[in-house]
Amino acid sequence: MTLTEPTVLPTYPMELPDDLTIDPAYRELQQRGPFEAQLPFGEPIWVATRYEDVKKAYGDRRFGKAMGHDRDTPRMHGASHGSDTSRLDNMDPPDHTRVRRLATAAFTPPQIKSMAGWIDQMTTELLDDVEAHGKGADFMELFAWKLPLQVINAILGGPVESIPTLRGWVDILTGEDSTIEERFASYTNIREFVRGLI
């Protein structure tokens, strides 16, 4: 793995074209190996794009999450969570392994199988609603958006009345025209909603 340090740091992520092509500047940097870049907020980052480099970084314990604690963590939005050591995405093994093991216990094959009945019922009711709307029914709106939110909300134990609010936050968080501030506010709302249910 050879590190390449350009004199002027490129911004990251790079501009997304309107199709599936890769930005030529990104392709050029990718050919040179890991490169230093600047996210909208925080310290510069090193970006590994080639399989061999990513595998090497993930296999080396020196590239751990603990490195970001109490630093100006690189990020896409204004608030930094890099120093919040209670977050799973800020943990390294063995803490990460221990907490993940607790979470995965809720999704063992028997647990998943026990959910099949009520998820099937939810699916049937939503498909009945699509059918009731007749030809030209909006499948995305009536089914594809509703089912995941209803399932997640049920697993978390949230009230059914909270689903439209949750949907609104997700729409803003993933919306193409949402500002960084709006996305962060929605992210914070979702996080606090989930925390309130735990």
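Placed above this text is the structure.
Throughout what follows, the structure given in this document is the object of discussion. The structure displayed is predicted, hence computed values, not measured ones.

Things to note about the layout of surface pockets
One number sums up the size of the second largest pocket: a volume of about 770 Å³. Of all the secondary-structure elements, those providing two or more residues to the lining of the second largest pocket are α3 (95–104), α6 (146–156) and α8 (180–197). Residues of the lining of the second largest pocket, tallied by class, amount to 14 nonpolar, one polar and five charged.

Description of the environment of valine 130
Relative to the assigned elements, valine 130 resides in helix α4 (residues 109–132). With relative accessibility at 15%, the residue valine 130 sits in the buried group. Residues valine 130 and valine 160, spaced 30 residues apart in sequence, show a C-alpha to C-alpha distance of 19 Å. Setting aside residues up to four positions removed in sequence, valine 130 forms contacts with Ala137, Leu142 and Phe143.

A few points about the packing of aromatic side chains
Taken as a whole and judged by the stated rule, the model has six aromatic pairs. Consider the rings of tryptophan 169 and phenylalanine 193, whose centres lie 6.1 Å apart with planes at 65°: the pair is edge-to-face. Taken together, the residues tryptophan 169 in helix α7 (residues 163–174) and phenylalanine 193 in helix α8 connect sequence positions 24 residues apart. Assessed through its relative accessible area of 16%, phenylalanine 193 is described here as buried.

Quick word on the nonpolar core
Membership of the largest hydrophobic core is limited to eight residues, which are Met14, Tyr26, Leu29, Phe35, Ala37, Leu39, Ile45 and Val47. Sorting the residues of this core by element identifies α1 (24–32), β1 (35–37) and β2 (45–47) as the ones contributing at least two each. Look past the residues within four positions of isoleucine 45 in its chain and what remains in contact with it is Tyr12, Phe35, Glu36, Ala37, Leu39 and Pro74.

Observations concerning α4
With 24 residues, α4 extends 34 Å from end C-alpha to end C-alpha; this agrees with the ideal 34 Å at 1.5 Å per step. The largest bend along α4 reaches roughly 40° and is located at alanine 116. Here α4 has its buried residues at Met115, Met122, Thr123, Leu126 and Val130. Directly after α4, the chain includes glycine 134, whose backbone phi takes a positive value near 75°.

Quick notes on the side chain of arginine 167
Positionally, arginine 167 belongs in helix α7. Arginine 167 sits in the buried class, given a relative accessible area of 17%. Setting aside residues no more than four positions away along its own chain, arginine 167 makes contact with Glu141, Trp145 and Leu149.

Quick word on the pattern of salt bridges
Per the stated rule, a full pass over the model turns up 10 salt bridges. Glutamate 28 is paired through a salt bridge with arginine 32; the nearest N and O atoms lie 3.7 Å apart. Here glutamate 28 and its partner arginine 32 are both found in helix α1, four residues apart, which amounts to about one turn of the helix. When salt bridges with common partners are traced through the structure, they connect Glu141, Arg167 and Asp171 into a single cluster.

The rules we used
Residues numbered from 1 in each chain as written. Predicted model: local features only at pLDDT ≥ 70, side-chain atom pairs only at ≥ 80, totals over all residues. Heavy atoms only, no water. 1 Å grid on protein atoms, 1.4 Å probe; cavity = no way out; pocket = protein on both sides within 12 Å on 5 of 7 lines; lining within 4 Å. Points joined across faces, edges and corners; volume = space filled by probe spheres on them. Helix = DSSP H or I, 4+ residues; strand = E, 2+ residues; numbered from the N terminus. Nonpolar A, V, L, I, M, F, W, Y, C, P; charged D, E, K, R; others polar. Buried < 20%, exposed > 50% of the residue type's maximum accessible area, 1.4 Å probe, protein only. Contact = heavy atoms within 4.5 Å. Phe/Tyr/Trp six-rings, centres within 6.5 Å; stacked < 30°, edge-to-face > 60°. Core = buried A, V, L, I, M, F, W, Y, C linked by side-chain atoms within 4.5 Å. Expected span 1.5 Å × (residues − 1). Bend = angle between axes of the 7 residues up to and from the residue. Salt bridge = Lys/Arg side-chain N within 4 Å of Asp/Glu carboxyl O.

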